[in-house]
Amino acid sequence: MKRNVIKFLLVLVIALFGVQSVSAQEITTTPYEDQCLWLDGETAKRMADVYKEYATPEEQFVFGLMLAKYLEPVMQANNGVELYVAYEHFLGNFLGMSLLVDPGTAYEYQLQLIAKWYFSEKQKLQKYRTEVDDERDRERKSE
């Protein structure tokens, strides 16, 4: 039973981050958003690998709760931009929280390594931002 739950969560993570629906292409993403979406997918793969290899049953439970809460917008995304926003929200919150705790387990330590890599790579992508990206961010913040 426990193995089935773990397999289900892993498949869910990979499926949600690895596949975009046809409707996700209706609104064009910017080059910056495209690169962020690639980074988000790569990060999700790394998280799934760590989850599979290092997580205790308790950590798997918490991860499952986080998935249920934060990935609903991913499932409901109607276009690439909404998909980008949903991924960014999930990874920013989940990995940001992992940096706040003192890693007491191998799983937490590995997540912190991924978080540091992710935020470092996000910083590197800033050079691809355009005025369109800035405008979209301002609109999202004002909603």
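Residues numbered from 1 in each chain as written. Predicted model: local features only at pLDDT ≥ 70, side-chain atom pairs only at ≥ 80, totals over all residues. Heavy atoms only, no water.

Caption draft 1: Representation of the overall build of the chain in the model. The helix and strand inventory of the chain stands at 7 helices and 0 strands. Counting all 143 residues of the chain, 40% fall into the buried class. Of the contacts made within the chain by residues no fewer than 6 positions apart, 77% connect residues no fewer than 24 positions apart. (Helix = DSSP H or I, 4+ residues; strand = E, 2+ residues; numbered from the N terminus. Buried < 20%, exposed > 50% of the residue type's maximum accessible area, 1.4 Å probe, protein only. Contact = heavy atoms within 4.5 Å.)

Caption draft 2: Summary view of the nonpolar core. Met-47, Phe-63, Phe-90, Phe-94, Leu-95 and Tyr-107 are the most contacted members of the largest nonpolar core, which totals 29 residues. Going through the elements one at a time, α2 (31-54), α3 (57-70), α5 (80-98) and α6 (106-125) are the ones with two or more residues in this core. When sequence neighbours within four positions are dropped, the list of residues in contact with Tyr-107 reads Val-50, Tyr-51, Tyr-54, Ala-55, Glu-59, Phe-63 and Phe-94. (Core = buried A, V, L, I, M, F, W, Y, C linked by side-chain atoms within 4.5 Å.)

Caption draft 3: Seen up close, α6. Here α6 is 20 residues long and its end C-alpha atoms lie 29 Å apart, about the 28 Å a rise of 1.5 Å per residue gives. Along α6, the residues classified as buried are Tyr-107, Gln-110, Leu-111, Gln-112, Ile-114, Ala-115, Tyr-118, Lys-122 and Leu-125. Elements that come into contact with the buried residues of α6 comprise α2, α3 and α5. (Expected span 1.5 Å × (residues − 1).)

Caption draft 4: Structural context of the pattern of salt bridges. As enumerated under the stated definition, the model contains 9 salt bridges in all. A salt bridge links Arg-129 to Asp-134; the nearest nitrogen and oxygen atoms lie 2.8 Å apart. A network of salt bridges, in which partner residues are shared, links Arg-129, Asp-134, Asp-137 and Arg-140. (Salt bridge = Lys/Arg side-chain N within 4 Å of Asp/Glu carboxyl O.)

Caption draft 5: Representation of a nonpolar patch on the surface. A cluster of nonpolar side chains, Phe-61, Val-62 and Leu-65, forms an exposed patch at the surface whose accessible area comes to about 310 Å². For Phe-61, a relative accessible area of 55% translates into the label exposed. (Patch = residues over 30% accessible without salt bridge, like charges linked within 9 Å, V, L, I, M, F, W, Y side chains within 5 Å. Areas by Shrake-Rupley, 256 points an atom, 1.4 Å probe, with all protein chains shown as cover.)

Caption draft 6: Structural view of the confidence of the model for the chain. Taken over all residues, the pLDDT of the chain has a mean of 81, while the share at 70 or more is 81%. Between the elements of the chain, mean pLDDT differs from a low of 55, seen in helix α1 (residues 2-18), to a high of 94, seen in α6. Taken as a whole, residues 19-25 scores under 50 in pLDDT and shows 14 contacts with residues more than four places along the chain or in a different chain. (pLDDT = per-residue confidence, 0-100.)

Caption draft 7: Layout of the side chain of Glu-59. Tracing the backbone through its elements, the reader meets Glu-59 in helix α3. Once residues lying within four places of it in the same chain are set aside, the contact partners of Glu-59 are Tyr-54, Thr-105, Tyr-107 and Glu-108.

Caption draft 8: Layout of the packing of aromatic side chains. According to the stated counting rule, one finds 3 aromatic pairs in the structure shown. On the numbers, 6.4 Å between centres and 70° between planes, the contact of Tyr-32 with Tyr-84 is edge-to-face. Placement of Tyr-32 in helix α2 and of Tyr-84 in helix α5 is noted, with a sequence separation of 52 residues between them. The class for Tyr-32 is buried, based on a relative accessible area of 3%. The interplanar angle of 20° and the centroid separation of 5.7 Å between the aromatic rings of Phe-90 and Phe-94 together place this pair among those described as stacked. A residue pair is termed a helical-turn pair when its members lie 3 or 4 positions apart in one helix, as Phe-90 and Phe-94 do in helix α5 at 4 residues. By relative accessible area, Phe-90 is classed as buried at 1%. It is Arg-129 that lies over the ring of Tyr-32; its NZ or CZ is 4.9 Å from the centre. (Phe/Tyr/Trp six-rings, centres within 6.5 Å; stacked < 30°, edge-to-face > 60°. Lys NZ or Arg CZ within 6 Å of the ring centre and 35° of its normal.)

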